Amino acid sequence: MRGFPPERIVCLTEETVETLYLLGEEHRIVGVSGYAVRPPRVRREKPRVSAFTSADLPKILALSPDLVLAFSDLQAGIAADLARAGIAVHLFNQRDVAGILAMIRTLGALVGAPGRAEDLARGYEERLGRVAAEAEGRPRPRVYFEEWDDPLISGIGWVSELIGVAGGQDVFPDLARQAAAKDRIVSPDAVVAAAPEVILASWCGKKVVPSRIAARPGWSAIPAVARGRITEVKSPLILQPGPAALTDGLDAIRAALRPADPSP
């Protein structure tokens, strides 16, 4: 970076965008991911310079950023290209709730707002604790979270944890510890055998079609399918490891896990 705190920041994923807005530091952002939608005004205020695994390098360089914020191994190539061009890059790699909270605190430190970041992170920690306490002692429905439909990919770490906080039980908790999507592929038969009582789906970048899930061969025997408990969780709310997942994403899971109304 040319100075501290950085005055011109490009965010290649949306969770850092939302965090900077929540910290009151949005004036530092000069470019964002095309997937950034929180808060809604970001689409009017900031130029879009990247997708997720691709970026417009000349456009980013033309913005003269002091710092570019990236995420995960999937953006490692973009980060390397930027580094070779002389741009400072911070690549986050959070995969669980603790990592999300650490990202918030780290980003606050990077922009000279550690106190506000600490307050924000503590507020989320306290809310997570309250939600978990409310779920104590209640039946914990078995939940299958589907991150993609072809092949079937189960939920990543923070999603699995938030299902637990909301009062559910992830049917593939061991797979949730795997960071790479390819390591969370499950077979249709494995889902049938897991017998989830609730199915949550969030197909990144496309609309979930519950009827397609219900029509899969052999899935009529799954309790969630038999009872019509298949719910879409919008991907911007849950598939980005940031504030959205800890707030609206968690609330969407809680709503889906509430006991279904008894039949008349």
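Residues numbered from 1 in each chain as written. Predicted model: local features only at pLDDT ≥ 70, side-chain atom pairs only at ≥ 80, totals over all residues. Heavy atoms only, no water.

Trainee: I'd like a rundown of the overall build of the protein, residues and numbers included.
Mentor: For the protein, the helix and strand inventory stands at 13 helices and 10 strands. Here the C-alpha radius of gyration of the protein, 20 Å, is about what a compact globule of 264 residues would show, namely 18 Å. Here the C-alpha coordinates of the protein stretch approximately 65 × 35 × 30 Å along the principal axes. In the protein, which comprises 264 residues, the proportion classed as buried is 49%. Here the analysis covers contacts within the protein between residues at least 6 apart in sequence; of these, 60% occur between residues at least 24 apart. Split by element, the accessible area of the protein, about 11,900 Å² in all, is 54% carbon and sulfur. Of note, the protein has its 32 positive side-chain charges centred 3 Å away from the centre of its 32 negative side-chain charges. (Helix = DSSP H or I, 4+ residues; strand = E, 2+ residues; numbered from the N terminus. Rg over C-alpha atoms; globule rule 2.2 N^0.38 Å. Buried < 20%, exposed > 50% of the residue type's maximum accessible area, 1.4 Å probe, protein only. Contact = heavy atoms within 4.5 Å. Areas by Shrake-Rupley, 256 points an atom, 1.4 Å probe, with all protein chains shown as cover. Lys, Arg positive; Asp, Glu negative; His and termini not counted. Charge placed at Lys NZ, Arg CZ, Asp CG, Glu CD.)

Trainee: Now, about the sheet that holds strand 4 (residues 67-71): what can you tell me, with residues and values included?
Mentor: On the basis of which strands lie adjacent, the open sheet formed by five strands has the order 3-2-1-4-5 and parallel pairing. The sheet is open, and its two borders are formed by strand 3 (48-50) and strand 5 (89-92), each paired with just one other strand. Sheet twist, expressed as the mean angle between neighbouring strand axes with direction ignored, is 25°. As paired strands, strand 1 (residues 9-11) and strand 2 (residues 29-33) are joined by three bridges and run parallel to one another. Among the inter-strand pairings, Ile9 is bridged to a residue of strand 2, identified as Ile29. In the packing of helix 5 (residues 97-110) onto the sheet, the strands contacted are strand 4 and strand 5, and the crossing angle to strand 5 comes to about 170°. (Pairing = 2+ DSSP bridges. Axes fitted to C-alpha atoms, helices over the stretch in contact; angles between N-to-C directions.)

Trainee: I'd like to hear about the packing of helix 1 (residues 14-22) against helix 5, residue by residue, with values.
Mentor: If you want to describe how two helices pack, look at the angle between their axes and the distance between the axes. The geometry of helix 1 relative to helix 5 is characterised by a closest axis approach of 10 Å and an angle of 60° between their N-to-C directions. Overall, the two elements helix 1 and helix 5 adopt an arrangement that is oblique. As helix 1 packs across helix 5, the resulting crossing turns out to be right-handed. When helix 1 is examined against helix 5, the residues Glu15, Thr16, Thr19 and Leu20 are found in contact with a partner set consisting of Met103, Ile104 and Leu107. Of the residues contributing to the contact of helix 1 with helix 5, the split by class is four nonpolar, two polar and one charged. (Parallel < 35°, antiparallel > 145°, perpendicular 65-115°, else oblique. Left-handed = near helix turned anticlockwise from the far one by under 90°. Nonpolar A, V, L, I, M, F, W, Y, C, P; charged D, E, K, R; others polar.)

Trainee: Give me the lowdown on the nonpolar core, citing residues and values where you can.
Mentor: Counting 49 residues, the largest nonpolar core has Leu69, Leu162 and Ile238 as the members making the most contacts within it. Ranked by residues supplied to this core, first place goes to helix 5 with seven residues. Ignoring any residue separated from it by four or fewer positions in sequence, one finds Leu162 in contact with Val97, Leu128, Ile238, Ala245, Leu246, Leu250 and Ile253. Counting residues in each nonpolar core, the second largest holds 17 residues, with Leu152, Val171, Val191 and Ile199 among its members. (Core = buried A, V, L, I, M, F, W, Y, C linked by side-chain atoms within 4.5 Å.)

Trainee: Can you explain the packing of aromatic side chains? Please cite residues and give values.
Mentor: For the coordinates displayed, the defined rule picks out two aromatic pairs. Measuring from ring centre to ring centre gives 6.2 Å for Tyr144 and Trp219, while their planes differ by 75°; the resulting arrangement is edge-to-face. You can see Tyr144 sitting in strand 6 (residues 142-149) and its partner Trp219 sitting in the loop between helix 10 (210-214) and helix 11 (223-226), a full 75 residues away along the chain. Owing to a relative accessible area of 0%, Tyr144 belongs among the buried residues under this scheme. (Phe/Tyr/Trp six-rings, centres within 6.5 Å; stacked < 30°, edge-to-face > 60°.)

Trainee: Now, about the side chain of Ser202: what can you tell me, with residues and values included?
Mentor: In this fold, Ser202 is placed in the loop between strand 9 (198-201) and helix 10. Accessibility expressed as a relative area gives 1% for Ser202, which makes it buried. For Ser202, the residues in contact, after removing those within four places along its chain, are Phe145, Glu146, Glu147, Val208, Val233, Lys234, Ser235, Ile238 and Leu239.

Trainee: Requested: an account of the side chain of Asp149, with residues and values cited.
Mentor: Assignment of secondary structure puts Asp149 in strand 6. On the basis of relative accessibility, which here comes to 11%, the residue Asp149 falls in the buried class. Of the polar contacts made by the side chain of Asp149, one reaches the side chain of Lys206; its length is 3.0 Å. A polar contact of 2.8 Å, which involves the side chain of Asp149, links it to the side chain of Arg212. Not counting residues within four places of it along the chain, the set of residues in contact with Asp149 comprises Trp203, Lys206, Arg212 and Arg216. (Polar contact = N/O pair within 3.5 Å; in protein donor to acceptor, adjacent residues only side chain to side chain.)

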